[in-house]
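# Summary of the model geometry
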Amino acid sequence: MDDADRQLLRRCRVRLVSELQVAPLWDVLLSRELFTPGMIEDIQAGSGSRPDQARQLVIDLETRGRQALPLFISCLEDTGQTSLASLLRTSSQAAKQDPKAVRPLDPIPVVLGPVDLKREELRMAKQYPSKPIPGKLTSEVLGPEDIGSGGVSDVRAQRELRRNADVAYVLNADPCGYCLIINNMNFSSGLSTRSGSNVDCEKLTHRFRLLHFSVEVKCNLTSKQMVQALMELARRDHGALDCCVVVILSHGCEASHRQFPGAIYGTDGCPVPVEKIVNTFNGTSCPSLGGKPKLFFIQACGGEQKDPGFEVASTSSKDRAPGSNPEPDAAPFQDNPGNCDQPDAISSLPTPSDIFVSYSTFPGFVSWRDPNSGSWYIETLDRVFEQWAHSDDLQSLLLRVAHAVSEKGIYKQIPGCFNFLRKKLFFKT
């Protein structure tokens with residue numbers, strides 16, 4: 001499509017979006033080979049309402065070649081939409097005779113969002129677009145450049161990215177995979193009770209079920225029971241599934257490591273190294289998950305250091321609830337944890353591809369938990385997933401989490417991750 005036709009469509013977009021009837025157009029567009037069946041399916045699937053479909057159709061029309069505009073005008077005539085056909089034909093002829101003769105149409109009020117206006121209210125909205133109607137969404141005047149820029153086209157681009165198996169993991173299975181949550185709250189070894197952890201567990205159980213995972217929860221496991229639960233999950237056949245998630249909520253500590261820092265305490269006070277947890281699911285131990293994303297979310301301290309932060313121009317205290325007294329999930333560093341759950345120091349582990357390990361805090365530092373509302377990390381993770389999992393990939397989601405958590409509290413905390421994924425990961429929502 002040449003630039004003159006493209007500019008014409010953009011000038012007329014408001015009128016087209018307002019009046020274009022898309023339903024009778026699909027067959028005609030196909031018969032004239034102006035659009036492919038796949039393109040029409042994308043418009044219908046990604047744009048639910050008639051105006052949204054009309055907007056996306058007009059946007060995509062710009063990509064359909066030099067004859068796209070006259071062919072589209074013919075399609076309008078064939079479906080009885082003669083006023084729009086006449087508008088485009090007359091404007092096109094005028095533009096060819098005098099390019100400066102065509103001016104943008106006057107913008108019209110477009111009511112945003114789902115509303116239920118009575119006839120009199122609708123008349124008032126059109127007559128006085130800037131005057132709000134009590135209890136209703138107000139009209140906003142949009143020009144041709146506002147309508148169709150971003151929005152639907154961004155959604156379509158995101159959908160195409162999800163489908164591209166070269167750059168994004170494909171999560172088509174339902175359920176997508178197993179999600180194991182280990183929630184250690186009560187300890188027999190002198191470690192404190194993790195009040196509020198049940199809140200975290202309930203939030204993530206609900207969240208990952210909404211993300212199409214089969215969720216299993218195991219509570220108050222000793223170190224040996226934790227290893228047994230992880231090995232049992234790794235031995236399952238994941239062939240028909242696309243992903244696996246492990247969430248661990250417990251006390252933690254620093255530990256000697258070769259790959260992944262930190263260790264997680266069982267209720268008996270024996271730590272399980274994070275690298276042992278992760279490598280239970282490597283290509284050798286769990287071949288049915290080969291090439292598939294394996295995600296680990298760890299809410300536990302990485303050590304005993306408390307981070308007072310450093311002064312910046314603006315500090316937010318809004319996340320510190322009045323009367324709240326956050327607790328650390330810390331326990332002393334153990335260089336040699338004895339005979340319980342030693343990391344395998346003999347075998348050489350394969351490259352940890354398709355693995356993503358998200359830590360609630362930086363190695364060596366405490367991770368904060370509120371007895372009433374749960375841990376900062378899990379509370380924020382759940383909120384970010386609720387708001388953004390439909391559009392953002394995993395790494396973008398975790399950046400949002402890190403930013404939000406970093407602004408909390410007097411003592412500071414910053415989540416981090418070890419990312420060995422080969423592609424972007426978008427959850428199934």
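Not measured: the values here are computed from a predicted model. (Residues numbered from 1 in each chain as written. Predicted model: local features only at pLDDT ≥ 70, side-chain atom pairs only at ≥ 80, totals over all residues. Heavy atoms only, no water.)

### Notes on the pairing of strand E5 (residues 243-249)
With seven of seven residues buried, E5 lies mostly within the body of the structure. What you see with E5 is no split at all: Cys243, Val245, Val247 and Leu249 on one side and Cys244, Val246 and Ile248 on the other are buried throughout. As paired strands, E5 and strand E9 (residues 294-299) are joined by six bridges and run parallel to one another. Note on E9: the bridge partner recorded for Val246 is Phe296. (Buried < 20%, exposed > 50% of the residue type's maximum accessible area, 1.4 Å probe, protein only. Helix = DSSP H or I, 4+ residues; strand = E, 2+ residues; numbered from the N terminus. Pairing = 2+ DSSP bridges.)

### Let's talk about the pattern of salt bridges
The final tally for this structure, using the stated rule, is 13 salt bridges. A salt bridge links Glu62 to Arg13; the shortest N-O distance between them is 3.4 Å. Placement of Glu62 in the loop between helix H5 (50-61) and helix H6 (68-78) and of Arg13 in helix H2 (residues 13-19) is noted, with a sequence separation of 49 residues between them. Among the residues examined, Glu62 registers a relative accessible area of 10% and is labelled buried. In this structure, the salt-bridge partner of Glu216 is Arg236, at a minimum N-O distance of 2.5 Å. Placement of Glu216 in strand E4 (residues 213-219) and of Arg236 in the loop between helix H11 (223-234) and E5 is noted, with a sequence separation of 20 residues between them. Judged by relative accessible area, Glu216 falls into the partly exposed class, the value being 23%. Salt bridges linked by common partners bring Arg6, Arg10, Arg13 and Glu62 together as one network. (Salt bridge = Lys/Arg side-chain N within 4 Å of Asp/Glu carboxyl O.)

### Section: the packing of aromatic side chains
Per the stated rule, a full pass over the model turns up eleven aromatic pairs. With centroids separated by 6.3 Å and ring planes inclined at 75 degrees, the aromatic side chains of Phe213 and Phe427 adopt a geometry described as edge-to-face. Residue Phe213 is found in strand E4, and its partner Phe427 is found in the segment after strand E14 (416-419); the two are separated by 214 residues along the sequence. Within the aromatic cluster, the residues linked to one another by ring pairs are Phe208, Phe213, Phe297, Phe385 and Phe427. Stacked on the ring of Phe35, the Lys or Arg Arg64 has its end atom at 5.9 Å from the ring centre. (Phe/Tyr/Trp six-rings, centres within 6.5 Å; stacked < 30°, edge-to-face > 60°. Lys NZ or Arg CZ within 6 Å of the ring centre and 35° of its normal.)

### Thoughts on helix H14 (residues 394-406)
In this model, H14 (13 residues) spans 18 Å end to end at C-alpha, consistent with the 18 Å of a helix rising 1.5 Å per residue. Packed against the buried residues of H14 are E9, strand E11 (355-359) and helix H13 (376-388). Where H14 begins, the capping side chain belongs to Asp393, and its oxygen is found 3.3 Å from the backbone nitrogen of Gln395. (Expected span 1.5 Å × (residues − 1). Contact = heavy atoms within 4.5 Å. Polar contact = N/O pair within 3.5 Å; in protein donor to acceptor, adjacent residues only side chain to side chain.)

### A short note on the nonpolar core
Formed by 33 residues in total, the largest nonpolar core has its most connected members in Phe208, Phe213, Leu295, Phe297, Phe385, Leu394 and Phe427. Listed by contribution, the elements that provide at least two residues to this core are strand E3 (177-183), helix H10 (197-210), E4, E5, E9, H13 and H14. Here this core takes six residues from H13, the largest share from any one element. Those residues in contact with Leu394, other than ones at most four positions away along the chain, are Leu295, Phe297, Phe356, Phe385, Leu421, Leu425 and Phe427. Among the nonpolar cores identified, the runner-up in size contains 30 residues, and Met1, Cys12, Leu29 and Leu87 belong to it. (Core = buried A, V, L, I, M, F, W, Y, C linked by side-chain atoms within 4.5 Å.)

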